[in-house]
Protein chains: 2
Amino acid sequence: MTLLVVGSVALDSIFTPFGSTADALGGSAVHFAVAASLLHPVKVVGVVGDDYPVHELDRLADRGIDWSGVEHATGESFRWKGKYSYDLQSRETLETRLGVFADFSPKLPPGADHARMVFLGNIDPVLQLRVLDQVKSPVFCACDTMNYWIQSKREDLLKLLERVDMLMVNDGEARELSGDWNIHRAGRWILEHGPKRVVIKQGEYGALLIEAGRSFHVPAYPLEEVFDPTGAGDAFAGGFMGYLARAQDVDTNYLRRAMVYGATMGSYSVSGFGIRGFEGVTRDDVEQRVRRFVDLTHVPVAEPRP
Amino acid sequence: MTLLVVGSVALDSIFTPFGSTADALGGSAVHFAVAASLLHPVKVVGVVGDDYPVHELDRLADRGIDWSGVEHATGESFRWKGKYSYDLQSRETLETRLGVFADFSPKLPPGADHARMVFLGNIDPVLQLRVLDQVKSPVFCACDTMNYWIQSKREDLLKLLERVDMLMVNDGEARELSGDWNIHRAGRWILEHGPKRVVIKQGEYGALLIEAGRSFHVPAYPLEEVFDPTGAGDAFAGGFMGYLARAQDVDTNYLRRAMVYGATMGSYSVSGFGIRGFEGVTRDDVEQRVRRFVDLTHVPVAEPRP
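Since we're looking at a predicted model, the values are computed, not measured.

Asker: Can you help me understand the confidence of the model for chain A in this one?
Answerer: Summarising the model, chain A shows a mean pLDDT of 96, and 98% of its residues fall at 70 or more. Interface scoring of the predicted complex returns ipTM 0.93; its pTM is 0.96.

Structure follows, in structure tokens:
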């Protein structure tokens, strides 16, 4: 079951209270692919400029990441520079340089257009729609978005919502999109606008899966050290979609397990700068952490004495 | 197994975006007792002034709340006036009038001093210690506190921590007490200062139970309408302790279930002003909501296809 992600392939410069990194591999498609590839092979569609350290992407190819759908354009790669607050709870964008991303129009190479599982990373909803037009017979399509598109491309975003199976956003985005500060009403609003499921990421508080009449919550992994939240949401998406592709099933039970795999990948992501949190992580490590996650919310049966 | 709570019996005036209430029954001991009594009889020790609507307390007596340990003093009852922000995420204290509470020194009446389960609501740690001195053979003692005592009575609070089995605070209090913004390190700091368990309440994000080497998380109930967060933490404590008293067991499995009962009571508490969220709630309702809570985090076993 081919898994496809379309999104940014970027170079990130990140400042946190614990250190900084310059021009590190980043972007939604990269964070997604690194996480997903621990569970299932993944094809990436995106664009890089002629300054991109392509050999670093190539080094990741043996994880099962197919970068052949990444276009090489003339110009500068997409760059993002950001700074986090002392407690990593908020961040400020210092600089965004779109570079070759400004003229990006995703074209699915042969093979990618037959993908059954599709994740549309946070890019212009017009481009996300253009990807959907090219996918021939998807089983499950999910998309991300952000405040910028909610404000500037609302109509296109609403068209997109009618065509995806699931929206995956953070709580602030869900509130802004729906105009409702109550996160459960916001989730219902989204369900009323197309997707049958919505995942609302809540950072250190975990994530919610909302379906009609039923919700599921996964907490964040209890980490005593968090270094860099950048890309955690995309890693969550990668774990979520990678698990579904591996399971070849999108029924509600599998979606719930996918949430745990998503949260697991999010926990690795924040443990190092850029994609470094995944260094040395094996599938066995993942399965072990998934089991610890399940224990984290397990309510034992224990009836009171008569 | 006698359950005792010592705390404030107050009159609250609360302003929220959804309405307001004046001189409503409130205070930590009242919120605790109303919730706990759905699960187990509870004895209350506190103080009221000669202006308190005692008949309203009496009306609650048939729930199994024993108010006979509430002292009647001459003067004004404890009053709190507060205002919540539009999203109920923050609140401002408009007025605190201690009244007869200023000279309160808890004296346990016969019967209460044999309590096996004790909850020390958020009062001066010196008074909390004085209660512990009077309890003859407790099985499980838990306490709450707040930023005011953390700042002004730190030494007494640290003495108290050495003598309780569990601290139950919100995330801001845990951070302030430990001086650590990471909630899991903060929890560990607390465990290193006495109690074997700590519960960290996180409002709309649920609550964490931290024990040495193991954590448990319960989310908040997915409510589309929240009216008044006042007393939700005390109702959580009431559900938690009421369940343990009923179960007659404080092993880790029971503590986990107690977390779910706590979260359940918290969800009723926020659904109405003051204690009104509990009006008409039966033990059957509670058990039904507990089952829905268990489903909210249930991770089904579902192995991927070969």
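Asker: Looking at this structure, I do not really get the interface of chain A and chain B. What am I missing?
Answerer: How large an interface is tends to be reported as the accessible area lost when its parts come together. Residue-level contacts link 46 residues of chain A with 46 residues of chain B. When chain A packs against chain B, close to 4300 Å² is buried across both sides, 51% of that on carbon and sulfur atoms. The largest contributions to the chain A side of the interface with chain B come from Trp181(A), Tyr205(A) and Glu224(A), which together make up 16% of the buried area. Viewed at the interface, chain B and chain A are joined by ten salt bridges. Between Arg188(B) and Glu224(A) there is a salt bridge, with its nearest N and O atoms 2.6 Å apart. Inspection of the region where chain A meets chain B yields 20 residue pairs in polar contact (both at pLDDT 80 or more). Secondary-structure elements contributing two or more residues to the side of chain A that touches chain B are helix 6 (171-178), helix 7 (183-191), strand 13 (214-218), helix 8 (232-247), helix 9 (252-269) and helix 10 (283-296) of chain A. No other element matches the five residues that helix 9 of chain A contributes to the side of chain A that touches chain B.

Asker: How should the relation of the copies chain A and chain B be read in this particular structure?
Answerer: Taken together, a rotation about one axis and a shift along it account for how the two chain copies relate. For the match of chain A to chain B, the screw axis carries a shift of 0.0 Å, the RMSD comes to 0.0 Å, and the turn is 180°. With respect to symmetry, the two chain copies, as superposed, fit the operation of a two-fold axis. Comparing interface residues between copies, 100% of those in chain A also sit at the interface in chain B, which points to an isologous, same-surface contact.

Calculation criteria
- Residues numbered from 1 in each chain as written.
- Chains lettered and ligands numbered in written order.
- Predicted model: local features only at pLDDT ≥ 70, side-chain atom pairs only at ≥ 80, totals over all residues.
- Heavy atoms only, no water.
- pLDDT = per-residue confidence, 0-100.
- Contact = heavy atoms within 4.5 Å.
- Buried area = accessible area lost by both parts, 1.4 Å probe.
- Salt bridge = Lys/Arg side-chain N within 4 Å of Asp/Glu carboxyl O.
- Polar contact = N/O pair within 3.5 Å; in protein donor to acceptor, adjacent residues only side chain to side chain.
- Helix = DSSP H or I, 4+ residues; strand = E, 2+ residues; numbered from the N terminus.
- Least-squares fit on C-alpha atoms with pLDDT ≥ 70 in both.

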